[in-house]
Amino acid sequence: MLEIKDLHVSYGKIAALRGVSLSVAEGEIVTVVGGNGAGKTTTLRTISGVLKPVSGSITFEGESLVGLVSEKVVRRGISHSPEGRLIFGRLSIAENLRLGAYNRKDSAGIASDLDRMYEMFPVLADRRSQRAGTLSGGEQQMLAIGRSLMSNPRLLLLDEPSLGLAPLIVEQIFKVIVDLRQQGVTILLVEQNANEALRISDRAYVLETGEVAMQGPSDQMLKDPKLRTAYLGVD
Amino acid sequence: MRRAIPVLAGLVLLVALLALADMSLNSYYLRILGLMGIYIVLTVSLNLPNGFTGDFSLGHAAFMAVGGYCAAVLTMPLVSKELLLTELPTWLQETVVPFPIATVAGGLLAALVALPVGLVVLRLRGHYLAVATIGLLIVVQGIATNWDSVTRGARGLSGLQPHTTLWWSFGWAVVTIFVVWRMAYSPFGRAMVSIRDDPLAAACRGVRVFRTRLVAFIVSAFFAGVGGSLLAHQITAVTPSTYSFDVTFLVIIMLVVGGMGSVTGSVIGAVIMTVVPVLLRDLERELDMVGTAQLVIAGALIAFMIFRRQGLMGTREFRLAGRFGPKASSPSPAPDQSQTPTSS
Amino acid sequence: MDYVLQQLANGLALGSIYALLAIGLTMVYGILRLINFAHGDLMMLGAYLAAVVIGSAYIPIVLAVLVPTVVIGIAGLLVERTAYKPLRGAPEVAMLITSLGVSRLLQNSTVMGLSPQPRSFKLPGDLTTSFEIAGIRLTMLDLLTLGLVVVLMVGLSVFINKSRTGMAMRASSENLQAARLIGINVNHVIGAAFVLGSALAGLAGFLWAGRYGIIDPFMGFEPGLKAFVAAVIGGIGSIRGAVVGGMILGVAEIGFVGFLPPEFSGFRDAFVFGLLLLVLLVRPNGLFGTSEVERA
Ligand SMILES: Nc1ncnc2c1ncn2[C@@H]1O[C@H](COP(=O)(O)OP(=O)(O)O)[C@@H](O)[C@H]1O
Ligand SMILES: [Mg+2]
């Protein structure tokens with residue numbers, strides 16, 4: 001479904017990605033793990049058209065995404081729930097969700113998807129006309145995911161959805177991710193919380209200073225002694 | 001010691017050139033050349049806040065006005081004073097101060113004004129600081145226009161002596177370059193640049209952010225005051241419009257063309273943008289279309305921002321030969337190399 | 001008492017014009033973090049256009065209002081697309097300098113195309129008629145000004161709060177990157193903000209010229225700055241704030257001139273910027289402020 005080949009991305013003179021290749025097949029959950037500054041966020045931002053690659057290719061369902069602005073990428077069926085959530089705190093929860101569907105014209109579909117979001121995240125339903133800034137961290141993360149889903153994506157990019165959340169909430173978020181896959185959304189998940197992420201994903205990549213250091217099925221990665229010491233904090 | 005040799009050679013060359021110009025040029029060209037020296041003083045000094053600490057001030061002309069009026073009142077011949085400034089306190093009424101001292105006094109008064117002003121406006125950054133400093137200029141203009149007993153309002157002070165020779169304007173230019181260079185390429189300079197690039201990080205590393213910005217602002221104001229005095233004694237009169245926003249704008253253009261954050265860039269920008277408007281004004285007369293010169297300059301500024309934002313020099317310095325030029329710690333890259341390449 | 005009320009009315013009439021200008025500034029600043037120094041110059045162009053329309057023949061007043069509004073709205077979009085759009089993602093200072101350049105460009109095009117000399121601006125007769133209500137003397141122009149501001153305010157607030165573009169505008173003003181990321185075409189949103197804001201500036205040009213009866217190529221710069229002060233007083237980014245800030249500034253300025261001895265009237269501009277500094281230091285987010293003022 002998504003195919004990235006030999007991707008190079010720089011910020012000015014600083015190279016952030018140095019030849020990253022990865023792929024995501026339809027229906028998969030693929031995890032990207034790696035330490036701070038490894039280039040995980042950069043990878044997602046390049047897919048969604050925020051950054052332009054120096055070289056390399058990104059194809060989605062056979063068509064190149066390189067050079068497309070974010071708006072076009074969203075129209076192709078990819079949605080990006082960014083690191084730090086970036087919800088619009090001064091807008092209401094309902095408005096945040098509706099903005100997720102900004103490029104859709106089917107008002108009936110939008111309405112039913114809105115209901116679906118409120119079903120999936122009941123906390124949001126109760127407070128739909130409140131300012132999103134009043135939500136707690138976990139609720140904001142749910143709103144961010146909901147907002148991404150409102151564009152009706154086939155591929156969802158999730159950047160550290162568990163960042164800074166209490167374990168109980170993290171549990172909930174990961175459950176949502178698994179549910180989403182069940183509903184047919186393919187997921188590319190970036191996480192520092194590698195342990196949890198590997199448990200729910202099919203395959204995984206390890207990024208190190210802008211390069212893929214390791215890749216394979218998640219269950220094997222979970223057992224890999226090198227990985228365990230480096231990223232899972234167990235020995 | 002070895003570093004001083006090329007600098008001395010440069011100074012000797014400058015003196016020779018100025019002496020030659022002084023002998024051979026007519027008064028029109030001498031005036032333009034003198035103006036060039038004054039603009040070097042103004043641009044190099046404005047670079048301190050605008051280019052080095054990243055406090056984009058638009059109030060340079062305000063400090064010029066303070067220095068210019070102050071020096072003008074001090075040097076004005078007694079006869080003129082009796083005629084024009086009848087309401088001055090007697091001690092001022094009866095004194096005439098030599099030009100160099102009056103110029104320094106003008107600079108000091110500007111610096112003195114910059115202290116409380118800086119304490120207030122430097123609590124702001126970015127656009128807010130820019131507007132607040134324009135506000136300062138408007139306040140100063142208001143005072144100059146309305147404080148009749150000292151400034152004679154819109155009529156201004158005329159009958160000053162043409163003290164500003166080539167030697168004075170370039171002498172002060174050399175002093176300004178020397179002082180700003182010494183500040184820029186020293187631990188103080190590194191502090192300034194680190195504030196420009198990331199004030200928070202600078203503070204974390206122990207840089208005294210506010211104090212550094214304030215010092216840069218005050219030193220800049222001092223030289224603006226000096227420049228104001230030089231300008232006053234070149235045109236031999238001061239009115240509020242001598243120090244209007246137009247002057248600030250021109251100096252900003254010089255700064256941008258040269259490259260904010262480069263001392264030699266400021267010099268180059270000042271030289272170019274002293275000459276170009278003169279040529280354009282000739283063109284304007286030829287075409288008989290008022291406004292052409294300003295229009296072209298404004299258009300060029302926009303084009304510069306779009307196509308060569310870092311100016312001619314960026315934050316680099318011009319050196320004759322790396323080895324001989326004054327050694328400078330290389331400053332960090334310009335803040336304006338867009339850190340987030342965004343597609344839009 | 002009558003005198004006080006009269007001054008209040010005058011202040012509100014002036015404040016309405018500041019409000020119209022401040023709306024455009026605050027919308028654009030909210031999204032792009034750009035103080036458009038050329039905003040006041042667009043107002044100046046609006047005044048010249050109005051002069052042309054009024055001078056050309058007998059023309060209904062509606063056109064004198066509409067033509068500057070529409071044409072300057074489009075002009076604002078042109079300025080955005082040619083001068084500001086190439087600078088997306090550039091540092092603030094680059095945009096600030098560019099907008100100074102644009103301001104100068106507009107002023108000097110007018111100087112070149114027409115003349116640097118001020119010219120008088122004659123309102124159609126019906127607008128200059130004045131009458132008294134409860135001891136306050138008002139002209140038709142004052143009434144028109146106040147009426148337009150009220151109507152436009154209501155319309156604008158419906159647009160911002162209810163429409164899709166309005167919602168996108170608020171989102172962009174809160175976080176441009178995030179808005180772009182979720183698929184909002186921010187260039188459309190920015191374009192809309194420029195069209196709307198500039199249209200109001202064009203209208204303000206007509207009202208300003210009508211009020212003072214004289215226009216010149218440099219007339220716009222200071223009102224533009226003062227409108228920014230108004231926007232800051234109200235809280236930058238807030239449209240309601242821009243309106244209230246404009247009114248407060250208008251009333252304060254007229255009050256300053258009207259109630260202090262005449263020696264002080266030369267300092268009215270100084271007073272306005274003193275007010276700015278005070279607000280920035282005491283309440284940097286203004287009355288309805290939502291976005292943070294950059295402070296050191
Ligand atoms: N806006 C930016 N400007 C300059 N460098 C950046 C920027 N964002 C990230 N980087 C650099 O790019 C590298 C990769 O960062 P990032 O993709 O954010 O890593 P991760 O998400 O894995 O923590 C890091 O070295 C980081 O310092
Ligand atoms: Mg990251």
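Report follows, based on the coordinates.

How each quantity is defined
Residues numbered from 1 in each chain as written. Chains lettered and ligands numbered in written order. Predicted model: local features only at pLDDT ≥ 70, side-chain atom pairs only at ≥ 80, totals over all residues. Heavy atoms only, no water. Helix = DSSP H or I, 4+ residues; strand = E, 2+ residues; numbered from the N terminus. Contact = heavy atoms within 4.5 Å. Buried area = accessible area lost by both parts, 1.4 Å probe. Salt bridge = Lys/Arg side-chain N within 4 Å of Asp/Glu carboxyl O. Polar contact = N/O pair within 3.5 Å; in protein donor to acceptor, adjacent residues only side chain to side chain. Nonpolar A, V, L, I, M, F, W, Y, C, P; charged D, E, K, R; others polar. Phe/Tyr/Trp six-rings, centres within 6.5 Å; stacked < 30°, edge-to-face > 60°. Buried < 20%, exposed > 50% of the residue type's maximum accessible area, 1.4 Å probe, protein only. Lys NZ or Arg CZ within 6 Å of the ring centre and 35° of its normal.

## Notes on the environment of Ser23(A)
Residue and element names in this part refer to chain A.
Thought 1: The topology assignment puts Ser23 in strand E2 (residues 14-24).
Thought 2: For the pair Ser23 and Val73, spaced 50 residues apart in sequence, the C-alpha to C-alpha distance is 17 Å.
Thought 3: Excluding residues that lie within four positions of it along the chain, Ser23 makes contacts with Leu2, Glu3, Glu28, Val30, Arg203 and Tyr205.

## Quick look at the interface of chain C and chain B
How large an interface is tends to be reported as the accessible area lost when its parts come together.
Thought 1: With 50 residues of chain C in contact, the opposing surface of chain B contributes 45 residues.
Thought 2: Across the chain C/chain B interface, buried area totals approximately 4300 Å², and carbon plus sulfur atoms make up 76% of it.
Thought 3: Linking chain C with chain B are one salt bridge.
Thought 4: There are five residue pairs in polar contact (both at pLDDT 80 or more) connecting chain C and chain B.
Thought 5: Of all the elements in the fold, those that place two or more residues in the side of chain C that touches chain B are helix H3 (61-84), helix H4 (92-113), helix H8 (176-181), helix H10 (221-234) and helix H12 (268-282) of chain C.
Thought 6: The leading source of residues in the side of chain C that touches chain B is H4(C), at 15 residues.
Thought 7: Class assignment of the residues belonging to the side of chain C that touches chain B gives a composition of 32 nonpolar, nine polar and nine charged.

## Notes on the packing of aromatic side chains
Thought 1: According to the stated counting rule, one finds 19 aromatic pairs over all chains in the structure shown.
Thought 2: On the numbers, 5.5 Å between centres and 85 degrees between planes, the contact of Phe63(B) with Phe217(B) is edge-to-face. Placement of the pair is Phe63(B) in helix H3 (residues 60-75) and Phe217(B) in helix H12 (residues 209-235), with a sequence separation of 154 residues.
Thought 3: You can call Phe63(B) buried: its relative accessible area is 3%.
Thought 4: Judged by relative accessible area, Phe217(B) falls into the buried class, the value being 3%.
Thought 5: Every member of this aromatic cluster is reached through a ring pair, and the members are Phe245(B), Phe249(B), Phe37(C) and Phe221(C).
Thought 6: The residue whose ring lies beneath Arg128(A) is Tyr118(A), and the NZ or CZ to ring-centre distance is 3.9 Å.
Thought 7: Cation over ring: Arg104(C) sits above Phe249(B), and NZ or CZ is 4.8 Å from the ring centre.

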